[in-house]
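Geometric and topological summary
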Amino acid sequence: MSRRHALLRAIVALGVLVAAARVRAQETVPYRDSTLSIDARVHDLLARMTLEEKFWQLFMIPGDLDDSTHDYSHGVFGLQIDMKPASDPAATDASIHRTAPRSDASAAERSSADRRAADAGRAHAERIDDIQRYFVEHTRLGIPIIPFDEAVHGLVRAGATDFPQAIALAATWDTALVSRVATAIAAETRSRGIRQVLSPVVNIASDVRWGRVEETYGEDPYLASEMAAVFSSAFERAGVIATPKHFVANVGAGGRDSYPIDVDARTLEETYFPPFRAAIDRGHAQSVMSAYNSVDGVPATQNHALLTETLKRAWGFRGFVISDAAATGGATVLHHTEPNTPAATRDALDAGLDVVFQSSWEQYRPYWRAFRDSLIAPAVIDSAVARVLRAKFAIGLFEHPYGDPDRAAAESGNPTHRELARTAAREGIVLLKNDAGLLPLSTRVRRVAVIGADAIEARTGDYSGPGVERVSILDGVRAALPHDTRVTFAPGPGRASPEYVTVPAAALSSSSGDSIVAGLHGEYFDNNRLDGAPRVVRIDPQVSFGWTLNSPARGIPFDWYSVRWTGTITVPKGSPSVTRLGVEGNDGYRLWLDGKLLIDDWRKQSYRTTLRDVVLRPGVRHTLRLEYFESTGNARLKLVWNAGVKDDWRHAIDSAVTIARRAQVAIVAAGVEEGEFEDRAHLSLPGHQEQLIRAVAATGTPVVVVLVGGSAITMRDWIDSVRAVIDAWYPGEQGGNAVADALFGDADPAGRLPITFPMFEGQLPLVYDHKPTGRGDDYVDLTGQPLFPFGFGLSYTTFDYSALSISPDSIAASGSARVSCRVTNTGTRAGDEVVQLYIHDELASVARPVMQLAGFTRIHLAPGESREVTFTLDSTQLALIDQQMHRVVEPGAFRVMVGASSKDIRLRGMLVVQ
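Remember, it's a predicted structure, so these values are computed and weren't measured experimentally.

Definitions and cut-offs
- Sequence order sets the numbering: in each chain, residues are counted from 1 along the sequence as written.
- Side-chain atom pairs in this predicted model are given and counted only at pLDDT of 80 or more, local residue features only at pLDDT of at least 70, and totals for whole chains, interfaces and linings cover all residues.
- Note that the side-chain values use all heavy atoms of the structure and ignore hydrogens as well as water.
- Where helices and strands are cited, they refer to DSSP runs of H or I of at least four residues and of E of at least two residues respectively, numbered from the N terminus.
- Atoms counted for the radius of gyration: C-alpha only. Globule rule: 2.2 Å times residue count to the power 0.38.
- Here, two residues are considered to be in contact whenever any of their heavy atoms come within 4.5 Å of each other.
- Calculation of accessible area relied on Shrake-Rupley with a 1.4 Å probe; when residues are assessed, cover is drawn exclusively from the protein chains displayed.
- When charges are counted, neither His nor the chain ends are considered; positive counts come from Lys and Arg and negative counts from Asp and Glu.
- Lysine's charge is taken at NZ, arginine's at CZ, aspartate's at CG and glutamate's at CD.
- A residue's pLDDT is the confidence the predictor assigns to it, expressed on a 0 to 100 scale.
- When DSSP locates at least two bridges between a pair of strands, those strands are taken to pair.
- Two rings belonging to Phe, Tyr or Trp (six-membered ring only in the last case) form a pair when the distance between their centres is within 6.5 Å. Interplanar angles under 30 degrees mark stacking, angles over 60 mark edge-to-face geometry, and anything in between is tilted.
- Working definition: with a 1.4 Å probe on protein chains only, accessible area under 20% of the residue-type maximum means buried, over 50% means exposed, and in between means partly exposed.
- Working rule: Lys NZ or Arg CZ, within 6 Å of ring centre, within 35 degrees of ring normal, means a charge sits over the ring.
- Fitted lines through C-alpha atoms serve as axes, helices being fitted only where they are in contact, and the angles separating the N-to-C directions of these axes extend from 0 to 180 degrees.

**Concerning the overall build of the protein**
Along its length, the protein carries 22 helices and 41 strands. Its C-alpha atoms give the protein a radius of gyration of 30 Å, within 12% of the compact-globule value 29 Å for 914 residues. Counting only C-alpha atoms, the protein reaches 85 × 80 × 65 Å along its principal axes. A separation threshold of at least 6 residues defines the contact pool for the protein, and within that pool the share at least 24 residues apart is 77%. Put simply, the protein shows about 35,700 Å² of open surface, and 50% of that area lies on carbon and sulfur atoms. Put simply, the protein has 95 plus and 110 minus side-chain charges, and the middle of one group is 4 Å from the middle of the other.

Next up, the structure:
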């Protein structure tokens, strides 16, 4: 053995001895004694902490220990720990980008997928454990971190099962099933050592234009509350902290994400608070995430009325509040209610925020200054730290800080979880139309056309992991049919048909001294008139900017500047000529080509795209100048052309029509584009998908449309031309199999809508539980009624409702009544029915909703089978917020309604409160 190796071994041995001594010393202190109360342990540990250690317990970020410049010696609240990068030889996360085996794959292929999932789960657990070990064994106090992650409908890491999106889970109207799904996700999460999930999303989807409707449980406070409670409790039972979000009301006017919320206290209490209270009171969630938006003029992260007066005092919440990512500083750069980040940090903690969530380690500095410079009272800091420590003790993190790699391998890609994902996807599918009983299709059909990009993409929505075995709709259909069935596919025109693209960096160049460099020469002025000398000069590879929050460069006001770009533009050799050139963005702008003014839009009015006809041949260099000015901020600008853009959507539709003519049935999968900060102004199918549906239907071949998306879709221009429509939502990794199960009758698609589908965007916001109007609901040119109401959904069978009973029919304010009825399957097939209970307060001291959901249950009945369905009505459903803002049950009559949707009421009676 060399002297160097002997020295290294001695150093390692000494480190082990020192660590062991530290652990033994820690074991003797009170906070290490698990027999003491949590409060006693918190008190002891808090007294030992330095200011730096307290700060870091209130700071959470995505990260790991790979960068040696990041100092974690004082600990940290928690980290979001990713898998090893795919470029790492030890990585097991390559499955993120792989193509999953088809549903009819061989057993060997499926076994290979299982092994990859198991390896990914084990590797992730080991990685988290290695990082956790540093904090437990090598920091002064040994405070474990909370590894956290996203899990709205499945852990977002390789090897984890991808279940249907939250809106699809809500569409099941089956809390027992959602509890099973959450339990499975929690098992996969906990086994890896992850101890907090930033889920569920319990915001009310009051406007279906919002891009995050897919992450929610829909528009109804009661339905969302029931789902929030069972989802949260499943995680908390597993020792994983649930974090309902975003507190509160994350969708504002126009259905826009994080737009300001200006609603009264009554609306908050009646509509937006209930799901949070359910997640906390019944789901026992130990954390809450605040929202990006302002509420009544105050940023949610700095909102004392929300975080302290409501959440902590009125509700008695003992957990901790975290900000949304980078939201604490948003008061400075977005809301403009704070002069700087340290002040924003002080006011956030004073208001009741406990933990700052940022996107990188480097961002800690301005937040630390608030602590270092004594801007925050010690008592406020200690209160926040105590809440964090209490949660860490409560979940047993000090006694059991690590995951279980063997268990993680077993849970990851667990075949029973994939089967559960298939069941959940099946139960969430909503049958919206089924003329002449086209569905279910016979498996004896011999020629099937499957059309649309969504038939092969297997999209699963926002906050999704790669899944284990993603099954597309096309593969699901093929697997469901005999091998001799002819299944043909055409992609159609897709969800987008771009007419132009951003001019790439490779096409732009400019002079820099005596040389030619890639990109355009940019001159930035600190005025909006291109006056004087430029404040900043730089080379910009492209003109593709979104200066929505910040200015173009340091020293330039974010809302008062102008820019001149100069250089040359060249179509690469071997490419087709460019025939359209222009600008997309906020006006005003001017564009010159070869010294000629091509576009003159030098005024501030709107956002537009302006294209002009040009002839740019490959290899020919043209001079270019683009000028732009901004006087209010929120700027977006792109230099665009039509290079490489093929106007082939008509050909794509023709190809689809060809295979549809030869088929006995055509299945068209069509979807929408949406997501976080991707709200929709139009609810129709994007691109040329509606033309596709109409053209395929015109062949005379029966058409089934399968919708893929997370929110409402308008259908007025095509629904009458097709025979059947089902909404699959984002159905998770087993979605293709589930859709096939529904299409071919192996499952009854008995999901129900958790949101209202409007006929037209002009009706929005449109919810079923609105309060009575002062005049009427209709427009001069449109009804006020929806296309599909809340709770709607068809079945492959029929059901009869009878024998309504309300017992007793008169109760005290503190009493309860039993509401029951008999439901009978009157069809020839077994099927599911979602029985829905609604109420209306006939006379109240304040206006009440025209109807509100008060109970629901999903039942399965064989042909001819009957079952008695029972609900309980008590103060939970009957109470209101009176004029003095007290929650009371007022005497009077309540209309009791039982039916199959908010419009399809089958039975009604009266309950009197004395």
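Here the narrative resumes, following the displayed structure.
**Some remarks on the confidence of the model for the protein**
Per-residue confidence for the protein gives a mean pLDDT of 94; residues scoring 70 or more make up 94%. When the elements of the protein are averaged for pLDDT, helix α1 (residues 3–27) gives the smallest value, 51, and strand β5 (residues 241–242) the largest, 99. When the criterion is pLDDT under 50, residues 87–104 qualifies, and its contacts beyond four places in sequence or with other chains add up to 39 contacts.

**Overview of the sheet that holds strand β3 (residues 148–149)**
Paired through backbone hydrogen bonds, the strands of a sheet run either parallel or antiparallel to each other. Read from one edge to the other, the open sheet built from three strands follows the order β3-β4-β5, with strand pairing classed as parallel. Both edges of this open sheet fall to β3 and β5, since each of them pairs with a single strand only. The pairing of β3 with strand β4 (residues 196–197) spans two bridges and is parallel. Counterpart to F148 in the pairing with β4 is Q196.

**Focus on the packing of aromatic side chains**
A complete count under the given rule lists 35 aromatic pairs for this structure. Their ring planes at 55 degrees and their centres at 6.4 Å tell us that F55 and Y364 sit as a pair that is tilted. Pair noted here: F55 is in helix α3 (residues 51–56) and Y364 is in helix α13 (residues 364–372), with a separation of 309 residues, a long-range link. On the accessibility criterion, F55 (1% relative accessible area) is buried. Here F247 and F273 contribute two aromatic rings whose centre-to-centre distance is 5.7 Å and whose plane-to-plane angle is 20 degrees, an arrangement assigned as stacked. With F247 in the loop between β5 and β6 (251–252) and F273 in the loop between α8 (265–272) and α9 (274–281), the pair connects residues that are 26 residues apart, well separated along the chain. The pair formed by F247 and F273 is uniform in burial state, with each residue classed as buried. The rings of F55, W56, F59, Y72, Y134, F135, W361, Y364, Y367, W368 and F371 are connected pair by pair, giving a single aromatic cluster. The ring of W602 has R590 lying over it, and the distance from NZ or CZ to the ring centre is 3.7 Å. Stacked on the ring of F629, the Lys or Arg K604 has its end atom at 5.3 Å from the ring centre.

**Regarding helix α2 (residues 38–48)**
Residues R41, V42, D44, L45 and L46 constitute the buried set of α2. The inward-facing, buried residues of α2 abut α3 and α14 (378–394).

**Some thoughts on unusual backbone geometry**
The peptide bond linking L439 to P440 adopts the cis configuration, its omega dihedral lying at 0 degrees. Along the chain, P440 turns up in the loop between β13 (430–434) and β14 (447–451). Omega for the bond connecting D587 with G588 falls within 30 degrees of zero, at 10 degrees, which places this linkage in the cis form. Following the sequence through the fold, G588 ends up in the loop between β23 (578–586) and β24 (589–593). At A436, a residue that is not glycine, the phi angle is positive and equals roughly 55 degrees. Tracing the backbone through its elements, the reader meets A436 in the loop between β13 and β14. Overall, A436 belongs to the exposed group, its relative accessible area being 75%. Look at M885: it is not a glycine, yet its phi comes out positive at around 65 degrees. Mapped onto the fold, M885 is located in the loop between β38 (880–881) and β39 (887–888).

**Considering the sheet that holds strand β37 (residues 866–873)**
Strand order across the open sheet formed by three strands is β32-β34-β37, with antiparallel pairing between neighbours. Since the sheet does not close on itself, it has two edges, and those belong to β32 (799–807) and β37, each with one partner. Here the average twist between neighbouring strands, direction ignored, is 20 degrees. In this sheet, strand β34 (residues 817–825) lies alongside β32 in antiparallel orientation, the contact comprising seven bridges. Looking at the pairing, D800 lines up with T824 of β34.

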